[in-house]
Amino acid sequence: GDSSNSALMYLIVEDGSRAPSASTVPLTDIILPNNHALGGFRISIDGFAGHVSLGSVSSVSRHCIQNKNGISTVLRLLRFLKNDRTERWLFDLLAFVLASPESVNVILSCDDWQPALFQMVADVINEIYGE
């Protein structure tokens, strides 16, 4: 589903250079009692202000494929997805390729790109013309 798509997208754009950080935001800073509803709570976005630094996120990672193993996984997975998901991934990958030459270099550095895409093309041809 969409959650898997988001996780895989993160996998291909994250280069692994940043160590995953544990959540250090105390729940009492973001989950507050709601004075308007008896026994209710509300989430305070302001509670994140002191704990989250957006300056540490690489702007490059949003615009190009950086993880060779991640893109290999996605390329291998394409042939097992439903047609609408495969189509979405192909358009997303094309957008990355058009946005940055670095994405092309990462895809070409994978050993899996040719067999995965050629198998997918062969499956599409078989679907169109029958076996």
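This structure is a prediction, so every number in the text was calculated from the model and none was measured.

1. Let's talk about the overall build of the chain
Phase 1: A count of helical and extended segments in the chain gives six helices and two strands.
Phase 2: Tracing the chain from N to C terminus, the helices and strands come up as α-α-β-β-α-α-α-α.
Phase 3: In the chain, of all internal contacts separated by at least 6 residues, the share reaching a separation of at least 24 is 67%.
Phase 4: In the structure as shown, the chain presents an accessible area of about 9,500 Å², 59% of it carried by carbon and sulfur atoms.

2. Describing the nonpolar core
Phase 1: Ranked by internal contacts, the top residues of the largest apolar core, which has 17 residues, are Ile 12, Ile 65, Ile 71, Leu 75, Trp 89, Leu 93 and Phe 96.
Phase 2: Put simply, the parts of the chain that give this core at least two residues each are helix 1 (2–13), helix 3 (68–77), helix 4 (83–99), helix 5 (101–109) and helix 6 (113–129).
Phase 3: Looking at this core, the element that brings in the most residues is helix 1, giving four residues.
Phase 4: Apart from the residues within four sequence positions on either side, Ile 12 is in contact with Ile 65, Gln 66, Asn 67, Gly 70, Ile 71, Val 74, Trp 89, Leu 93 and Phe 96.

3. Considerations on the environment of Ile 65
Phase 1: For Ile 65, the location among the structural elements is in the loop between strand 2 (41–43) and helix 3.
Phase 2: Ile 65 sits in the buried class, given a relative accessible area of 1%.
Phase 3: If we skip the residues at most four places from it in the chain, Ile 65 touches Ile 12, Ile 71, Leu 93, Phe 96, Glu 102, Ser 103, Val 106 and Ile 107.

4. Observations concerning the confidence of the model for the chain
Phase 1: Per-residue confidence for the chain averages 74 on the pLDDT scale, and 63% of its residues sit at or above 70.
Phase 2: When pLDDT is averaged over each element of the chain, helix 5 comes out on top at 90 and helix 2 (residues 27–30) at the bottom at 63.

5. A short note on the pattern of salt bridges
Phase 1: Under the counting rule described, the total for this entry stands at one salt bridge.
Phase 2: Across the pair Arg 76 and Asp 112 runs a salt bridge whose closest N-O atoms are separated by 3.0 Å. With Arg 76 in helix 3 and Asp 112 in the loop between helix 5 and helix 6, the pair connects residues that are 36 residues apart, well separated along the chain.
Phase 3: For Arg 76, a relative accessible area of 53% translates into the label exposed.

6. As for helix 4
Phase 1: Spanning 17 residues, helix 4 covers 24 Å between terminal C-alpha atoms, matching the ideal 24 Å at 1.5 Å per step.
Phase 2: Burial in helix 4 covers these residues: Thr 86, Trp 89, Leu 93 and Phe 96. One face of helix 4 carries all of its buried residues, which in axial projection span an arc of 85°. Opposite the packed face of helix 4, turned more than 90 degrees from it, sit the exposed residues Asn 83, Asp 84, Phe 91, Leu 98 and Ala 99.

7. Digging into helix 6
Phase 1: The end-to-end C-alpha distance of helix 6 is 24 Å, a good match for the 24 Å that 17 residues give at a rise of 1.5 Å each.
Phase 2: Among the residues trailing helix 6, Gly 130 stands out with phi positive, at a value near 80°.

Rules used in this analysis
- Residues numbered from 1 in each chain as written.
- Predicted model: local features only at pLDDT ≥ 70, side-chain atom pairs only at ≥ 80, totals over all residues.
- Heavy atoms only, no water.
- Helix = DSSP H or I, 4+ residues; strand = E, 2+ residues; numbered from the N terminus.
- Contact = heavy atoms within 4.5 Å.
- Areas by Shrake-Rupley, 256 points an atom, 1.4 Å probe, with all protein chains shown as cover.
- Core = buried A, V, L, I, M, F, W, Y, C linked by side-chain atoms within 4.5 Å.
- Buried < 20%, exposed > 50% of the residue type's maximum accessible area, 1.4 Å probe, protein only.
- pLDDT = per-residue confidence, 0-100.
- Salt bridge = Lys/Arg side-chain N within 4 Å of Asp/Glu carboxyl O.
- Expected span 1.5 Å × (residues − 1).
- Arc of directions from axis to C-beta.

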